[in-house]
Amino acid sequence: MIAFLLAQTIAITGGTVYPVSGPKIANATVLIRDGKIAAVGTSVAVPSDATRIDATGKWVTPGLIDGAGQMGLVEIGAVAGTREALLKGDTIAASFNVAEGINPASVVIPVTRIEGVTTVLAVPAGNLVSGQAVLIDLAGNTIEEMLVKSPVGIVLNDSETGKDFAGGSRAALVERVRRVFRDALEYERRRADFGRAQLRSLSAAAADLEALLPVLHGQEPLIAYANRRSDIESALRLAREFKLKLVLAGAQEGWQIAGEIVQAGVPVLVEPLDNIPSYDALGIRYENAGLLAKAGVKVALMETDTHNSRNLRQQAGNAVAYGMTWDQALRAVTLSPAEIFGVADRYGSLEPGKVANVVVWSADPFEFATGVEHVLIRGKEIPLRSRQTELFERYRQLPPAY
Amino acid sequence: MRPPLVLLALTLGCASGAARPAQAPAPAASALAAPARTATSDSSSVDRPQYPSTYQRHPNPPVLIRNATIMTAAGQEIAGGSIYFKDGRIVAVGTKIDAPPPDAVVVDGTGRYVTPGLIDEHSHLGVYAAPGTDAESDGNEATNPVTAEVWAEHSFWPQDPQIPLAIAGGITTIQALPGSANLIGGRSAILRLIPARTVQAMKFPGAHYGLKMACGENPKRVYGQKGGPSTRMGNMAGYRGAFIQAEGYRRRWDKWNSDPKGDPPDRNLKLESLAEVLRGDIYVQNHCYRADEMANMLDLGREFGFRIRSFHHAVEAYKIRDLLAAAGTGAAVWADWWGFKEEAMDGIKENAALLQQAGVRVNIHSDDPSGIQRLNQEAAKAMYAGMRAGIAVTRDQAIRWVTANPAWALGLDSLTGTLEPGKIADVVVWSGDPFSVYSRAIQVYNDGWLVYDRTDPAHQPRTDFQLGQTPAAGGGGRKDR
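For clarity, every value in this text was computed on a predicted model and none was experimentally measured. (Residues numbered from 1 in each chain as written. Chains lettered and ligands numbered in written order. Predicted model: local features only at pLDDT ≥ 70, side-chain atom pairs only at ≥ 80, totals over all residues.)

Before going further, it helps to spend a moment on the overall build of chain A. Across its full length, chain A holds twelve helices and 16 strands. The C-alpha atoms of chain A give 22 Å as radius of gyration, which agrees with the globular expectation for 402 residues (21 Å, within 12%). Each principal axis of the C-alpha atoms in chain A carries an extent, and together these give about 70 × 45 × 45 Å. For chain A, with 402 residues in total, the buried portion stands at 56%. (Helix = DSSP H or I, 4+ residues; strand = E, 2+ residues; numbered from the N terminus. Rg over C-alpha atoms; globule rule 2.2 N^0.38 Å. Buried ≥ 20, exposed ≤ 12 C-beta atoms within 10 Å, placed from the backbone.)

Scanning chain B from terminus to terminus reveals twelve helices and 17 strands. A sequence separation of at least 24 residues applies to 70% of the contacts in chain B between residues at least 6 apart. (Contact = placed C-beta atoms within 7 Å.)

As a further point, take the packing of helix α3 (residues 170-189) of chain A against helix α5 (residues 206-216) of chain A. Residue and element names in this part refer to chain A. Across the interface, α3 lies against α5 with an axial gap of 8 Å and an inter-helix angle of 95°. Overall, the two elements α3 and α5 adopt an arrangement that is roughly perpendicular. Of α5, the residues touching α3 (which contributes F181, D183, A184, L185, Y187 and E188) are A206, L209, L212, L213 and L216. Of the residues contributing to the contact of α3 with α5, the split by class is nine nonpolar, no polar and two charged. (Axes fitted to C-alpha atoms, helices over the stretch in contact; angles between N-to-C directions. Parallel < 35°, antiparallel > 145°, perpendicular 65-115°, else oblique. Nonpolar A, V, L, I, M, F, W, Y, C, P; charged D, E, K, R; others polar.)

Here the focus is α5 of chain A. Residue and element names in this part refer to chain A. Here α5 has its buried residues at D208, L209, A211, L212, V215 and L216. Taken end-on, α5 shows its buried residues confined to a sector of 160°, consistent with a single buried face. In the core, the buried residues of α5 are packed alongside β9 (147-157), α3, β10 (222-226) and α6 (229-242). One or two residues past the end of α5 sits G218, with phi positive at roughly 70°. (Arc of directions from axis to C-beta.)

Residue and element names in this part refer to chain A. The end-to-end C-alpha distance of α3, which contains 20 residues, comes to 29 Å, matching closely the 28 Å that a straight helix rising 1.5 Å per residue would cover. Among the residues of α3, those classed as buried are L173, V174, R176, V177, V180, F181, D183, A184 and Y187. Packing partners of the buried residues in α3 comprise β9, α4 (191-195), α5 and α6. (Expected span 1.5 Å × (residues − 1).)

Another point: the domain arrangement of chain A. All names here are of chain A. The assigned domain composition of chain A is domain 1 (1-63 + 349-402) and domain 2 (64-347). Those elements that provide at least two residues to the side of domain 1 that touches domain 2 are β5 (59-62), β14 (358-361), β15 (372-377) and α12 (387-395). Here the element with the most residues in the side of domain 1 that touches domain 2 is β15; it accounts for three residues. A breakdown of the residues in the side of domain 1 that touches domain 2 according to their chemical character gives 14 nonpolar, seven polar and five charged. (Domains from an automatic or database assignment.)

Right, let's get into the environment of G109 of chain B. Residue and element names in this part refer to chain B. Secondary-structure assignment places G109 in the loop between β4 (105-108) and β5 (113-116). Put simply, G109 and A326 are 217 residues apart on the chain and 41 Å apart in space, counted from C-alpha to C-alpha. With near-sequence residues (within four places) excluded, G109 lies in contact with I65, R66, N67, A68, V114 and V429.

Residue and element names in this part refer to chain A. Judged by pairing direction, the sheet is mixed, and its eight strands sit side by side in the order β6-β7-β8-β9-β10-β11-β12-β13 without closing on themselves. Among the strands making up the open sheet, the edge pair consists of β6 (64-66) and β13 (299-301). Direction aside, the axes of adjacent strands within the sheet are offset by 25° on average. (Pairing = 2+ DSSP bridges.)

Okay, the interface of chain B and chain A next. Every contact between the two is made by 37 residues of chain B and, on the other side, 34 residues of chain A. Secondary structure elements with two or more residues in the side of chain B that touches chain A: α3 (162-168) and α10 (375-388) of chain B. Sorting elements by how many residues they give to the side of chain B that touches chain A places α10 of chain B first, with five residues. Taken together, the residues of the side of chain B that touches chain A break down into 18 nonpolar, eight polar and eleven charged.

Moving on, we come to the pairing of strand β6 (residues 118-123) of chain B. Residues and elements named next belong to chain B. With six of six residues buried, β6 lies mostly within the body of the structure. Sheet topology places β6 next to strand β7 (residues 171-176); four bridges connect them, and they run parallel. Each residue of the ladder has a partner; that of S123, found in β7, is A176. One crossover worth recording links β6 to the parallel β7 by way of α3, and it is right-handed. (Right-handed = clockwise from strand over helix to strand, strands pointing away.)

This part covers the nonpolar core. All names here are of chain A. Judged by nonpolar contacts, the single largest core of 268 residues is most densely connected at V30, A122 and L248. Each of domain 1 (1-63 + 349-402) and domain 2 (64-347) gives at least three residues to this core. Apart from the residues within four sequence positions on either side, V30 is in contact with I12, V17, I37, V40, V60, L350 and V358. (Core = buried A, V, L, I, M, F, W, Y, C linked by C-beta atoms within 7 Å.)

What follows deals with the pairing of strand β16 (residues 441-446) of chain B. All names here are of chain B. Counting buried positions along β16 gives six out of six residues, so the element sits mostly inside the fold. Relative to β16, strand β15 (residues 427-430) runs antiparallel, the two being bridged by four bridges. By the bridge assignment for β16, W430 is matched with A441.

The next subject is the sheet that holds strand β9 (residues 189-192) of chain B. Residue and element names in this part refer to chain B. Strands sit in the order β6-β7-β9 across an open sheet of three strands; the sheet is mixed. Pairing within the sheet leaves two strands with one partner each, and these edge strands are β6 and β9. Adjacent strand axes in the sheet meet at a mean angle of 20° when their direction is disregarded.

Here we take up the confidence of the model for chain A. On average, chain A scores 96 in pLDDT, and the residues at 70 or more come to 98%. Within the model, the stretch residues 1-5 of chain A combines pLDDT values under 50 with seven contacts to residues more than four positions away or in other chains. (pLDDT = per-residue confidence, 0-100.)

Time to look at unusual backbone geometry. Leaving glycine out, the prevailing phi sign among residues is negative, and the prevailing peptide bond configuration is trans. The linkage connecting L398 of chain A with the following residue, P399 of chain A, adopts the cis geometry, with an omega of -5°. The residue after G228 of chain B, namely P229 of chain B, is reached through a cis peptide bond having omega 10°. Residue placement: P229 of chain B occurs in the loop between α4 (217-223) and α5 (232-258). Although it is not a glycine, N127 of chain A sits at a positive phi angle of roughly 60°.

A few words on the environment of I320 of chain B. All names here are of chain B. On the secondary structure map, I320 appears in the loop between β12 (308-313) and α8 (321-327). Note on I320: 25 C-beta atoms within 10 Å, which makes it buried. Along the sequence, I320 and L355 sit 35 residues apart, while their C-alpha atoms lie 8.9 Å from each other. If we ignore the near neighbours within four places in the chain, the residues touching I320 are A291, M294 and A295.

What follows is about the packing of α5 of chain B against helix α6 (residues 269-279) of chain B. All names here are of chain B. Here α5 crosses α6 at 80°, and the two axes come no closer than 8 Å. On the basis of their axis angle, the class for α5 and α6 is roughly perpendicular. Across from A242, F243, Q245, A246, E247, Y249, R250 and W253 in α5, the residues of α6 making contact are L271, L274, A275, L278 and R279. Looking at the contact of α5 with α6 residue by residue, the class counts come to nine nonpolar, one polar and three charged.

This next bit is on the confidence of the model for chain B. Residue and element names in this part refer to chain B. Per-residue confidence for chain B gives a mean pLDDT of 90, with 88% of residues at or over 70. Of the regions scoring below 50 in pLDDT, residues 1-43 engages in 79 contacts with residues more than four places distant in sequence or in other chains. Segment residues 474-481: pLDDT under 50, and 26 contacts once partners within four positions in sequence are set aside and those in other chains are kept. Confidence metrics for the complex model read pTM 0.93 and ipTM 0.96.

Next up, the structure:
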């Protein structure tokens, strides 16, 4: 039920534009043509056939990118029939790509995009190797239309819950991952022997070992969810040993070893409003995102509650309250995740040639007082409607008109 | 110093009182008429104190906060305002306050905002403590669908490291509730959120116990394969059966109280709690999501002659806001939670604003150790969602959602929840507008005691649990930026 307007030329005029790739520009125009950004600046000529969106007094930013969640993969948390993010029965689920589980008709999608989140990482859950995460735009009638990149990376559950799939010890977890990685490389070298059943039994299914090869060749990131400092260090160790392109996620005690993370050149996905201590991270604190950013780590933010992915901007605002600069926080929900997910050539900033995911806000996007005025995804304006706006309209007056 | 606590409790109970708002159902005459048999305001069937509060106000010099924006939660937002409190009570609020006595601490409030201490009507702090292992899972006595006999205070762990985090978010009072596995989950604990060795030292003197009840999916799910209830009609039958028993129990005790001859009736802890609900001394705090179920529960109250104090979660409350307003039942809601189960699918962000507009006493609750740290932000989201939808919500109303209204829901609105002379000095100083995402609590005064100061590590309490963790995190040693 996505009412796309036809592709067209749109000019967003008069707003303060935050391109993210450069400093803000007052009273600027963002010109959009055929789904792409055509021009950004103060002296952009607006074609006469362009549809104009007056953004005078408004703030214009790239659409926000949430680096977490199960958008389209979980409709109702407690209803198993609507959950697609967990593969049961295979603890090394490297070949499990969640894309075909996505439901483009999910009612969560409109609820999310009308509040300025236009792109999200859809992440597999559970197991030791959870599967392949994919990046989607929150518009489109088919999975193919929604996909931005698939896969983005393979998810490793390097945490207290992950060790349950490796015999119950962190030591076993790391060693199990090592064996799987070695077996994948062995499998690659001796595919022919494998086919003739002349290869010893491997520690994961062939399809999963095959799926790990792009990660082991550094072509695709390993996204390691790790919170305890020692778990983060295990992930860094694995990355060194196998020359992986590593992305850390969670990293709740990451602030304690920010220097090591910077030195390793590893970016981090952080949920700023995490601070409830568990034995997986007793050193968890609100300042994590700010301290990592200050140390020079590339940080992208997450709102892990799929149904409230729209609260990504509240996460960002709180990241600022606890130490990030405002510019860092805006980058952490736009260009930084685009870079981390390997799509910065197309996403994350307002620059000519990029996909036109654009949001017009009444003011500072992180403030509660601010509302969303316009959302464009791939250059098309999205109607600001959702199941929730329909419920509100129905019950605006009582009794409701059924 | 205030009078000893048992005395205070007696006073409030017998004066039918200060802590009991006019709209509360009147306690049964027989309960009050039995002199000397009432040990506390809410345990009239026994003649002994039951786990009485040992709360003592912590000494603190008088405090004058000057030149701040004071949000009173009583109708005013005073720019350039001052507030003076002494011995745990608010003495004066306004733009003109006489020079403070020499022993007063003067706080420069320039650029700051001051609100009443925040109150969370729905918390599981202490009963579902961090670090969240099975060993700290003490919130659901999921062994029987009706466990009115359990009291949350007997699970509450004062060393829960989530407590100082919530204090740093400006919370001064919580209702710690049993979970929602059961139809009737047990008594809540109304607590001052302060560092303490015992739960007794946190118990809010004079508060009305709550009785946690739960509708819908949770009891059905937990008991469906364990003898029931397995349906919503089974849920209703379960509540009704329990209150029918309680009516008989209350009758036997009322009879004996009015004519104490021979042996008293046998005590039954479960029925004692339910009988106190029938007497109006214990407030029903009802976890309930769906509009149609809330309507059934209102009728349940009518069937047995009590008024449900507050529906909790209440994601569909907006659909029956007229019924709630007419019944005088409050609603405790989230700003935006939805979708985690079917009965939560119809949540909308305008819920609180629509309830406010209809005259329902609405408050924003957390039900969450993370959300409790930013109830002000959650209220802000709900307020602005209402404003954007064209519903006239005021800032004063929205601050009441996390102060005066939850105080009412706990029967404490004559004592706390607003910044007015005579009220308890539960006061928060914010770095800026509490409805801004960038603002944080700078100082928290609980009953006049500076329990938290973001700029001073000497006033950043840490639980025993947090000691010895290296490096220190979760509340200690932070400076304001």
